[in-house]
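# Descriptive analysis of the structure
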Amino acid sequence: MKHLKKLSVVLMITTLFSASFTSCIDTEVSPVVEAIYEAQADLIAAQTAVQNAEAALRNAQANAAQAQADYTAAQTAQVEAITAGIEADNAHQAALREQELRLLVAQTDLEVNEAQNALAIAEEEFKLQMAALVAELEEAGVQLAIEYAYKYRNAMYAANNILSDKLDAEEELADAQLMLVDAEDMTYEYHLAQLQNEVTMYEAEIAYITNWLALLNEDAADPLAVMETLKVQIADLEAQEDAMDILMQEQWNKVMALYDQDDNRDDALSRAMDALNDHNNAVNGKISRETQIANAQSQIAAYQAAMVNYEATKTALNDAVQAALDRIGAEEADNHPSNHAPGYGLLGDIETKQAEIDALNADTPTFNAAVTDAQNALSAHQTALDGLVATYNAAVTALAIAQNTFDTGNYDALLTSAQTALTTFQAGAYQDAVDNYNAAKTAFEADPSGSTDTDTDGNHSNFYTASYNSTFDLGEIGIHTDLAGDTYMRVATWKETTLGSGKYIPATLYPTKYNTADLAVEAAALIADAGNGIGANADIWLWEDNVGDMDIDDIDGNEVTLDGLEVGSNTDLHALGANDAIDADAENIAVFINVESDDDSISHEVALNAATNMLGQDDFSDRDFMTGPATFEIPLVPGDTSAGYNAATPENDAAAHDTLTARAELWNLQLAVEIAQFNKDNAAVLLQAAIDLFNEQKALYDDGLATQATLAAAVATAQSALNAHLALIATATNEKNALLAELGSDDYSTRDTSIASNLELSWDDHANDGLPVGSEIYDILASAKWDSDGDTNADSLTAYAELWNAQNAYDDHTNYSLAQYQSMIDGAQANIDLWNAEIANIIPIIDAKYAVVTGLFPTLDNLGVEYTFEVDAAGLGTLVVINFGELSSLYSDLHAAIIAEWQVYWDLELQDEMIHDEQDYLEDLLDEYEDQYENLFDDIADFEDDLATAQDDLEEAKAALALATNDKNAAEAYITYLEAKIANLEVRHANALAIAAQYKALMDAALAS
């Protein structure tokens, strides 16, 4: 009966949906239905009001609890104030705060009462709205909905009554927990601690008073003697402090003396360093002038040499210019003196070498062509030889077959075997291909846009093994006529994988198939049906059929909780455990299998294309079996025209062919029969033909190998000739580059020899070393350098640089007359005389400054400065102090001594502070004795009274502590009772709401129908 109700709901919904697609939609609603809808809306609003009232009550109760807690905290503050002996004003403030909080507690209690009244009013309003709804339903005559409405009303009344009891219990629990909560309130734990503190405080007070009474009684015996003793002790400490001040001053003086010694060292060293700097400056002045004198003397010697051999020097310099010009030379086309060859010197050699390179480059294409031709000839021969290898191997195979066939003589058996293979194929695979084509053609002609659906995996016998990745759908096919991609069927019965395994798989399925929309309706009906144990979406399980992902979730998509005995997990499940299978049988859960996700759907068009390609469009009836009197056609292969198809995608004829069509396979088998028949009739002739073919192919192959060796040697010879030719070009190019490097990249045609700042060119980077800045005699240019021995280091001038130097020397020589040379000699000598006079004046300064420096050495020694002093060959001195401090500006020995003396000073200072502190203590004690002496005996009497009071207070505090402990134990027991009561009411309230929700769903369903 239960399943009939589900079926009727599904049919009713299906009818409603089908009607919506075939008729116009009526947008008018009857007044009765509108009244019912309005009553339902009012009822929902009333339910919301009840919920809001419940929330307001809870909030008011929370405020009341907080107010009570604040009040209790105020009581705590008052107790603490009294316990600590706070003054009356503070105690008064605590009392005022308590009164304010009393008012707040009263106000919040009033709010709780108001909230409870509001809840009661909301519940009454709900009753009124419920009555209105029932009246509307009765007017409409919806009897089934009326029955469910009454049941819903009664269920909600029961739920609200339980909720009221629960709220009352929670209020009682909150009041009880005010004294037990773990917070800053006046809890029992805190109250007990305060009472214990009072006991401890009174015990300490008694000990304190007892000690003071003993001390006062002792002092009362002879207080004047005590004060006199204190005065003597204070005077002694004052004397100790005066003596300590003297010792500290003496120690301070020691420390300052060490700092003064450091300053004296700095002063003496500064004077020595200043004198040494003056000495070294004077020495540098002397060295500079001596260098200038040496340069001037060199100039005078050069001028004098030029004057002695003026004409001869001029001729020699001119010859040097001409030699440099001859070294550079000229190209053939240049206009140069006729006593030279058309091209000579470096320029001529470069021109000749370039002509050699050009001639070699012109021949390079010829060598390249020779190599290319030889390689092409070898490649063409290799291609022909590769083809010959194939035919040679075929001849070897054919001879072996022919010889074996002739020797065995088993022609009849071979013919029978070929004929059997042909007839078997015709009746089997070939006929299947024909039948498949005819069936696909018939289906396409009947419904060109249709398709055929099949279950890919079928009935899975090994479903439950861990390695199998598909659900057990028993070969069912999904609904493929809708747009949904999933179809579900509910498991009806289960079977154990093996006896006693405790693991279960589907045995049968209910016949109804659901898409996702229908499944949602069925799930709601199952949940609403009171005759089963399915009560929520979590009880509707969906078992998916995806390769590698056989997940099982509830209908909301949440992973279900399995009993732990299944095969796999709920993300890849292969079998249910026994408990879950039993729950499914008992209808506590419903398990639905997805039967569509493993289906295979193929259109009639694709099926016809595949069947056509697999059968083959050519029967090869026009292809002869024999190509000659004793030769046969070779068998067809998938790559031949119309002979193959792609096995993976047979419907796609454009894909690469890898399988023979049925007709091509049939032709090959027919060819085999023809060959077997021919072999039987012509065995001896065929053997001789195979021998003749083998001999012919062998001769051709042997000749081909010999020719291949000859052609390979020709390629090697051509390549060697090309390599030698390219080596000649590289050698000639290197030789030309060497000539260009010797010539130089700059001819210095724009470098004027008449400009004094244009100095003689040099390749040596160190040519000006030792000369003062501004007195250099060489220009060192990168363009003037030449590496003559090829070791990558410059060692000579380029030809252009040598020409410029020669021309510059010639111009310098011819630019001056003998009188001018003498004038330059006189000027240079005058400078030498001036510099010698300045040196004579500098030497006494050097001696004096040196005497100052060495004269300060005894002072530095006496002051403790450790140093070294050296004078180099040029006369420059260096003074280095070796006991400078590393961690400070102080000298290292003085720094250590200062640290030690400071430590002594700090020790004295600490002793002085201790003496001073003891003196202050005794003076304060003496003042206290003098102040208290007159009231001493009154104080003793007061302390005796306080002692008696404290002893009484201690007994009262102990009694209060014992009483509070008993109260706390009783309160904890009451709280435990209330918590259990609330837990029970919560379960009852949830069950009542669930029952009411079911009745409301049934009422809504009745209205919808």
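Note that this is a predicted model, so its numbers are computed, not measured.

## Some details on the overall build of the protein
Of the regular secondary structure elements, the protein holds 19 helices and 17 strands. Out of the 1009 residues belonging to the protein, those deemed buried represent 33%. Counting contacts in the protein only where the partners sit at least 6 residues apart, residues at least 24 apart contribute 71% of the total. Of the accessible surface of the protein, which amounts to about 56300 Å², a share of 55% is contributed by carbon and sulfur atoms.

## Overview of helix α14 (residues 683-743)
Look at α14: 90 Å from first C-alpha to last across 61 residues, which is about the 90 Å you get at 1.5 Å a residue. Positioned one or two residues after α14, Gly744 has a phi angle of 105 degrees, which is positive.

## Here we look at helix α12 (residues 604-615)
Note: α-helices contain 3.6 residues per turn, so residues at a spacing of three or four share the same orientation. The end-to-end C-alpha separation of α12 is 16 Å, in line with the 16 Å expected for 12 residues at 1.5 Å each. Residues of α12 that are buried include every one of His604, Leu608, Ala610, Ala611, Asn613 and Leu615, and no others. One or two steps after α12, the chain reaches Gly616, where phi turns positive at roughly 105 degrees.

## Focus: the environment of Pro772
Within the secondary structure, Pro772 is located in the loop between β12 (760-762) and β13 (778-780). Placed 484 residues apart in sequence, Pro772 and Ser288 show a C-alpha to C-alpha distance of 7.7 Å.

## Observations regarding the nonpolar core
By size, the foremost hydrophobic cluster in this structure holds 33 residues, and its most contacted members are Leu269, Phe857, Leu860, Tyr867 and Leu879. Among the secondary structure elements, those contributing two or more residues to this core are α6 (223-308), α17 (857-863), β17 (877-881) and α18 (892-932). Among the elements that make up this core, the one with the highest residue count is α6 (13 residues). Filtering out sequence-adjacent residues up to four positions away, Leu860 remains in contact with Ala268, Leu269, Ala272, Val865 and Tyr867. Ile350, Ala784, Tyr800 and Tyr810 belong to the second largest nonpolar core, which has 20 residues in total.

## Brief notes about the side chain of Lys736
Structurally, Lys736 can be placed in helix α14. It turns out Lys736 is buried and unbridged, and the closest side chain with the opposite charge, Asp358, is 7.1 Å from it. Beyond its immediate chain neighbours, meaning those up to four positions away, Lys736 contacts Ile350, Lys353, Gln354 and Ile357.

## Description of the packing of helix α7 (residues 310-328) against helix α8 (residues 345-408)
Helices that pack against each other are described as a pair by the angle of their axes relative to one another and the distance between those axes. Between α7 and α8, whose axes approach to 3 Å, the crossing angle comes to 0 degrees. Comparing the axis directions of α7 and α8 gives the class roughly parallel. Between α7 and α8, the contacting residues are Asp326, Arg327 and Ile328 on the first element and Gly345, Leu346 and Leu347 on the second.

## Topic: the pattern of salt bridges
With the rule as written, the count across this model stands at 15 salt bridges. The shortest N-O distance in the salt bridge between Glu445 and Lys441 comes to 2.7 Å. Residue Glu445 and its partner Lys441 are located together in helix α9 (residues 411-446), separated by four residues, close to a single helical turn. In this structure, a network of salt bridges that share partners links the residues Arg327, Glu742 and Glu802.

## What about the packing of aromatic side chains?
In this structure the tally under the stated criterion is 12 aromatic pairs. Measuring from ring centre to ring centre gives 5.2 Å for Phe632 and Phe678, while their planes differ by 80 degrees; the resulting arrangement is edge-to-face. Of the two residues, Phe632 is situated in the loop between α12 and β10 (644-645) and Phe678 in helix α13 (residues 662-681); the sequence distance between them amounts to 46 residues. Between Trp902 and Tyr905, the aromatic rings sit 5.6 Å apart at their centres with planes inclined by 85 degrees, giving edge-to-face as the arrangement. Taken together, the positions of Trp902 and Tyr905, both in helix α18 and three residues apart, correspond to about one turn of that helix. We note that Trp902, like Tyr905, is buried. Of the aromatic side chains, those joined through ring pairs into one cluster are Trp252, Trp902, Tyr905 and Trp906. Lying across the ring of Tyr891, Arg265 places its NZ or CZ 5.1 Å from the centre. Taking NZ or CZ as reference, Arg623 lies 4.8 Å from the ring centre of Trp667, over its face.

## Describing the pairing of strand β3 (residues 503-509)
As paired elements, strand β2 (residues 488-496) and β3 share five bridges and run antiparallel to each other. Looking at β3, one finds that Lys495 is bridged to Ile505. Hairpin remark: β2 followed by β3, antiparallel, with six residues in the connecting loop; positive phi at Gly500, about 85 degrees.

## Some details on the pairing of β17
Of the two faces of β17, the one lined by Gly877, Leu879 and Val881 is fully buried and the one lined by Thr878 and Val880 carries no buried residue. Bridging between strand β16 (residues 867-871) and β17 involves five bridges; their strand directions are antiparallel. Counted as the bridge partner of Phe869 is Leu879 from β17. Hairpin connection of β16 to β17: five residues between the antiparallel strands, including Gly875 at a positive phi of 100 degrees.

## Some thoughts on a negative patch on the surface
Negative charge collects at one region of the surface, where Glu205, Asp942, Glu944, Asp945 and Asp946 lie side by side. Looking at which element gives the most residues to the negative patch, the answer is helix α19 (residues 936-1008), with four residues. Its place among the elements puts Asp942 in helix α19.

## Some remarks on unusual backbone geometry
At Glu587, a position not held by glycine, the phi torsion is positive, near 60 degrees. With respect to the secondary-structure elements, Glu587 resides in the loop between α11 (578-585) and β8 (590-594). Its identity is not glycine, yet Tyr748 carries a phi of approximately 55 degrees, on the positive side. Secondary-structure assignment places Tyr748 in the loop between α14 and β12.

## Looking at the environment of Ala611
Position of Ala611 among the secondary structure elements: in helix α12. C-alpha of Ala611 to C-alpha of Glu651: the two residues are 40 residues apart in sequence and 7.6 Å apart in space. Excluding residues within four positions of it along the chain, Ala611 makes contact with Asn436, Tyr437 and Ala440.

## Digging into the confidence of the model for the protein
Predicted confidence across the protein gives a mean pLDDT of 78, with 78% of residues reaching 70 or more. Looking across the protein, the model is least confident in helix α1 (residues 2-22), with a mean pLDDT of 32, and most confident in strand β11 (residues 659-660), with 93. In this model residues 1-27 is a low-confidence stretch, pLDDT under 50, and it forms 15 contacts with partners more than four residues away in sequence or in other chains. Every residue in residues 181-186 is under pLDDT 50, and counting partners more than four places away or in other chains gives nine contacts.

Rules used throughout
- What you see as residue numbers is a count from 1 along each chain, following the sequence as written.
- At least 70 in pLDDT is required for a residue's local features to be given in this predicted model, at least 80 for side-chain atom pairs to be given and counted, and no such filter applies to totals for whole chains, interfaces and linings, which use all residues.
- Hydrogens are left out, water is left out, and the side-chain values use all remaining heavy atoms of the structure.
- Note on conventions: DSSP H or I runs of at least 4 residues are helices, E runs of at least 2 residues are strands, and numbering of each starts at the N terminus.
- When a residue's accessible area, from a 1.4 Å probe over protein chains only, is under 20% of the maximum for its type it is buried; when over 50% it is exposed; and in between it is partly exposed.
- Contact criterion: two residues are considered in contact whenever any of their non-hydrogen atoms come within 4.5 Å of each other.
- The Shrake-Rupley method, run with a 1.4 Å probe sphere, supplies the accessible areas, and residue values consider only the shown protein chains as cover.
- Here the expected span of a helix is defined as 1.5 Å times the quantity of residues minus one.
- Grouping buried Ala, Val, Leu, Ile, Met, Phe, Trp, Tyr and Cys residues that are joined through side-chain atoms within 4.5 Å yields what is termed a nonpolar core.
- The positive count covers Lys and Arg only, the negative count covers Asp and Glu only, and His and the chain ends enter neither.
- Whenever Lys or Arg places a side-chain nitrogen within 4 Å of a carboxyl oxygen from Asp or Glu, that contact is recorded as a salt bridge.
- Every axis corresponds to a line fitted to the C-alpha atoms, with the helix fit spanning only the stretch in contact, and the corresponding angles, defined between N-to-C directions, vary from 0 to 180 degrees.
- Should an angle fall under 35 degrees it is taken as roughly parallel, and over 145 as roughly antiparallel, whereas 65 to 115 is taken as roughly perpendicular and any remaining angle as oblique.
- Side-chain rings of Phe, Tyr and Trp (the six-membered ring for Trp) are treated as a pair once their centres are within 6.5 Å; stacked means planes under 30 degrees apart, edge-to-face means over 60, and tilted covers the remaining angles.
- Any Lys NZ or Arg CZ that is within 6 Å of a ring centre and within 35 degrees of that ring's normal is treated as a charge sitting over the ring.
- We treat two strands as partners when DSSP finds at least two bridges between them.
- Without a salt bridge and with relative accessible area above 30%, a residue can belong to a patch; like charges are then joined within 9 Å and nonpolar side chains (Val, Leu, Ile, Met, Phe, Trp, Tyr) within 5 Å.
- Each charge is placed at NZ for Lys, CZ for Arg, CG for Asp and CD for Glu.
- pLDDT measures the predictor's confidence residue by residue and takes values from 0 up to 100.

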